[in-house]
Amino acid sequence: MPAISRIRGSCCSPMEMKRYVEQVRGLTKYRAIPIIPADPYDIPAATARQSIAYFDLQLTGDEQKAYDYAMANSNEKGPCCCQCWRWRVYGGLAKYLIHEHRFTGEQIVDVWNLSDGCGGGM
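Residues numbered from 1 in each chain as written. Predicted model: local features only at pLDDT ≥ 70, side-chain atom pairs only at ≥ 80, totals over all residues. Heavy atoms only, no water.

Visitor: Tell me about the pattern of salt bridges, residues and numbers included.
Guide: A full pass over the atoms with the stated rule returns seven salt bridges. In this structure, Arg8 and Asp42 form a salt bridge, with 3.1 Å as the shortest nitrogen-oxygen distance. Taken as a pair, Arg8 in strand E1 (residues 6-8) and Asp42 in strand E2 (residues 42-44) lie far apart in primary sequence, 34 residues in all. For Arg8, a relative accessible area of 58% puts it in the exposed group. Between Lys18 and Glu22 there is a salt bridge, with the nearest N and O atoms lying 3.2 Å from each other. Placement of the pair is Lys18 and Glu22 together in helix H1 (residues 17-27), with a separation of four residues, close to one helical turn. Look at Lys18 and you get exposed, because its relative accessible area is 65%. (Salt bridge = Lys/Arg side-chain N within 4 Å of Asp/Glu carboxyl O. Helix = DSSP H or I, 4+ residues; strand = E, 2+ residues; numbered from the N terminus. Buried < 20%, exposed > 50% of the residue type's maximum accessible area, 1.4 Å probe, protein only.)

What follows is the structure in structure tokens.
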């Protein structure tokens, strides 16, 4: 997709407005980090490209522990419910946040849960 495009919509089921409002409000605490999409259902393609570039990043031992914690404890047991484009984008985002911003596993869980784009409520 061209960098100016946007990736919109939910992955697997219709969005629920109540949950969507909670997600967008919750994500405001991360607005200082531009690579974290402010809206999980409207992601700039350029941001997705930036995040996916980190998907294959090899983490250090402690960094990997944080990532593994997020995989085990997020609502979807990973960055998305299925291994689609969103899995790679948010998996890469997590590796970036852990490696560059020293995010903990708990913080990645929060980002992933707030960014859940599968639709429906949690």
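Resuming the write-up.
Visitor: Go over unusual backbone geometry, please, and point to the residues and values.
Guide: Its identity as a non-glycine residue notwithstanding, Lys77 has a phi of 60 degrees, on the positive side. By the element assignment, Lys77 lies in the loop between helix H3 (61-73) and helix H4 (85-101). Look at Arg102: it is not a glycine, yet its phi comes out positive at around 60 degrees. By the secondary structure assignment, Arg102 is in the loop between H4 and helix H5 (105-114).

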